[in-house]
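Structure assessment
Listed below, chain by chain, are the residues.
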Amino acid sequence: MQDNSVILTTLNEAWAAPNSVFDLFLESFRIGERTRHLLNHLVVVALDRKAFSRCLAAHSHCFALVTEGVDFSSEAYFMTPDYLKMMWRRIDFLRSVLEMGYNFVFTDADIMWFRDPFPHFHPDADFQIACDHFSGISDDIENKPNGGFNFVRSNNRSIEFYKFWYSSHETYPGLHDQDVLNRIKNNSFITEVGLKLRFLDTNYFGGFCEPSEDLNRVCTMHANCCFGLQSKLHDLRILLEDWKKFLSSPPNSIASGWRVPQNCSLDSLQMDLQLPEPTTTDNFLNGEISKN
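Attention in this report is confined to the structure presented alongside it. Each residue is numbered by its place in its chain's sequence as written, counting from 1. At least 70 in pLDDT is required for a residue's local features to be given in this predicted model, at least 80 for side-chain atom pairs to be given and counted, and no such filter applies to totals for whole chains, interfaces and linings, which use all residues. For the side-chain quantities, the full set of heavy atoms in the structure was used; hydrogens and water were omitted.

Turning our attention to helix 5 (residues 156-171). Secondary structure follows DSSP: runs of H or I at least 4 residues long count as helices, runs of E at least 2 residues long count as strands, and numbering of each begins at the N terminus. The span you would expect from a helix comes to 1.5 Å times its residue count less one. For helix 5, with 16 residues, the first-to-last C-alpha span of 23 Å sits near the 22 Å given by 1.5 Å per residue. Accessible area is worked out with a 1.4 Å probe on protein chains only. A residue is then buried under 20% of its type maximum, exposed over 50%, and partly exposed in between. Here helix 5 has its buried residues at Ser158, Ile159, Phe161, Tyr162, Phe164, Trp165, Ser168 and His169. In protein, a polar contact requires one atom able to donate a hydrogen and another able to accept it; more generally it is a pair of N or O atoms within 3.5 Å, and residues adjacent in sequence count only if both atoms are side-chain atoms. Where helix 5 begins, one side-chain oxygen reaches toward the backbone nitrogen of arginine 157, 3.0 Å away; that side chain belongs to asparagine 155.

Side chains carrying opposite charge are able to pair once their charged atoms draw close together. Whenever a carboxyl oxygen of Asp or Glu lies within 4 Å of a side-chain nitrogen of Lys or Arg, that contact is scored as a salt bridge. Inspection of every chain in the model, using the stated rule, returns 17 salt bridges. Residue glutamate 241 is joined to arginine 259 by a salt bridge in which the shortest nitrogen-to-oxygen separation is 3.2 Å. With glutamate 241 in helix 8 (residues 229-248) and arginine 259 in the segment after helix 8, this pair connects stretches of sequence that are 18 residues apart. Looking at arginine 259, the relative accessible area reads 44%, which means it is partly exposed. Through salt bridges with shared partners, a single network forms among Asp92, Arg95, Glu99, Glu160 and Lys163.

The next subject is the packing of aromatic side chains. By convention, a stacked pair of Phe, Tyr or Trp rings (six-membered ring in the case of Trp) has centres within 6.5 Å and planes under 30 degrees apart, an edge-to-face pair has planes over 60 apart, and any other such pair is tilted. Under the definition given, this model contains 22 aromatic pairs. Aromatic side chains phenylalanine 25 and phenylalanine 29 sit 5.1 Å apart centroid to centroid with 85° between the ring planes, which places their arrangement in the edge-to-face category. Linking phenylalanine 25 with phenylalanine 29, this pair stays in helix 2 (residues 21-31), spanning four residues, or about one helical turn. Considered together, phenylalanine 25 and phenylalanine 29 belong to a single accessibility category, that of buried residues. For the pair phenylalanine 63 and phenylalanine 93, a centre-to-centre distance of 5.9 Å together with 20° between the ring planes defines the contact as stacked. With phenylalanine 63 in strand 3 (residues 62-64) and phenylalanine 93 in helix 4 (residues 81-99), the pair connects residues that are 30 residues apart, well separated along the chain. The burial state of phenylalanine 63 is the same as that of phenylalanine 93; both residues are buried. Three or more aromatic residues joined by ring pairs make a cluster, and in this case those are Phe25, Phe29, Trp113, Phe118, Phe121, Phe149, Phe151 and Phe205. In this scheme, the term charge over a ring applies when either NZ of a lysine or CZ of an arginine sits within 6 Å of the ring centre and within 35 degrees of the ring normal. The ring centre of tyrosine 204 lies 5.3 Å from the NZ or CZ of arginine 217, which sits over that ring.

To continue, consider the state of the cysteines. Defined simply, a disulfide is a covalent bond joining two cysteines at their sulfur atoms. By definition, disulfides here are pairs of cysteine sulfur atoms that lie within 2.5 Å. Tallied over the entire structure, the rule returns three disulfides. The partner cysteine of cysteine 55 in its disulfide is cysteine 62, sulfur to sulfur 2.0 Å. Between cysteine 55 and cysteine 62 the disulfide shows an S-S torsion of about -85°. By sign, it is left-handed. Cysteine 62 carries the same exposure label as cysteine 55, and that label is buried. Covalent S-S linkage joins cysteine 209 and cysteine 225, the inter-sulfur distance amounting to 1.9 Å. One disulfide, between cysteine 209 and cysteine 225, carries an S-S torsion of 100° and so falls in the right-handed class. Taken as a pair, cysteine 209 in the loop between strand 9 (205-207) and strand 10 (220-222) and cysteine 225 in the loop between strand 10 and helix 8 lie far apart in primary sequence, 16 residues in all.

Counting buried residues along strand 2 (residues 42-46), five of its five residues qualify, which places the element largely inside the surrounding structure. Side chains Leu42, Val44 and Ala46 project from strand 2 onto one buried face, and the interleaved Val43 and Val45 project onto a second face that is buried too. A pair of strands is treated as paired once DSSP finds two or more bridges between them. Looking at chain direction, strand 2 and strand 3 are connected through three bridges and run parallel. Note on strand 3: the bridge partner recorded for valine 44 is cysteine 62. Crossovers are marked right-handed if the path from the first strand over the helix to the second runs clockwise, as seen with the strands pointing away from the viewer. Running through helix 3 (residues 49-58), the crossover from strand 2 to the neighbouring parallel element strand 3 is right-handed.

This paragraph deals with the sheet that holds strand 5 (residues 111-113). The mixed open sheet is built from three strands, whose spatial order is 5-10-9. Each end of this open sheet is capped by a strand with a single partner; those strands are strand 5 and strand 9. Across the sheet, the axes of successive neighbouring strands diverge by a mean angle of 20°, strand direction being ignored. Bridge count for strand 5 against strand 10 is three bridges, and the pairing is antiparallel. When the bridges of strand 10 are listed, methionine 112 appears paired with methionine 221. For helices, the axis comes from a line fit to the C-alpha atoms of the stretch in contact; other axes are also lines fit to C-alpha atoms, and the angle between any two N-to-C directions lies between 0 and 180 degrees.

The next subject is the sheet that holds strand 6 (residues 127-133). If you trace the seven strands from one edge of the open sheet to the other, you get 3-2-1-4-7-6-8, paired in mixed fashion. The open sheet has two free edges, formed respectively by strand 3 and strand 8 (197-199), since each of these has just one partner strand. Mean inter-strand twist for the sheet, computed between neighbouring axes without regard to direction, equals 30°. As paired elements, strand 1 (residues 5-11) and strand 2 share five bridges and run parallel to each other. In the sheet register, isoleucine 7 faces strand 2, and the bridge partner there is leucine 42. Each of strand 1, strand 2 and strand 4 (103-107) touches helix 2; the most contacted strand, strand 2, lies at about 175° to it. Only heavy atoms enter the contact rule, under which two residues are in contact if any of them lie within 4.5 Å.

Geometric descriptors of this kind do not, in isolation, establish any biological role.
Here it is in structure tokens:
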């Protein structure tokens, strides 16, 4: 893109298998409103060799981020040791992308893209992130962020923030990146580096935790608040069916809305409100992304 921005997602073998999450993810770009061209700017970061091979068969821009001695190929259940390793490897990798001078949208592959989100990003923010629950105020620090979707501009403030975020997993062992972000978002370090933090409105950037109710405005929908791959697949397929039905409906008709979540229960993941006490790759992006 002209502003040196790329779209990034990570992929392992479980989500890359035929008829799994990756296929639905790519389909959403193809059937969304003015989203197909964004595939030219999407880099899929494969976490294991089979995911990389599958990516090469389905998409133009693939990068292998294989961690020796760690197997990320199978489904990583929420909060298991493999899940935590995968999440923190991702944060460290994204820091390196910022250091290369690239802005990025990071998106989980279980997020469906229905409209171009770029017009709805805050123009003055260094780091902006989707929410499980949005208060209605973009700078309200009490918003509940979701690390599965964010737009980050490359500058010294964002790079220092990602270093701080990654190092904080040692301060809060056993927590994933999203929970750690919830604990550090009030930290004085963020004020000291001058990071401009904003939270994205769920009316545009929704999910199963808090769906975007207006199909005329929705940009993305995330299969969050959902446990297990099969539950995600079931509800994501229904989500795409609902979107196709909306697109085929007559102009000015009243949209019927989403039929999900179904198998993805909002009660499947309970947010832990008790805060624990703290304990005492340049060439993959160079020249490979369309500039249009």
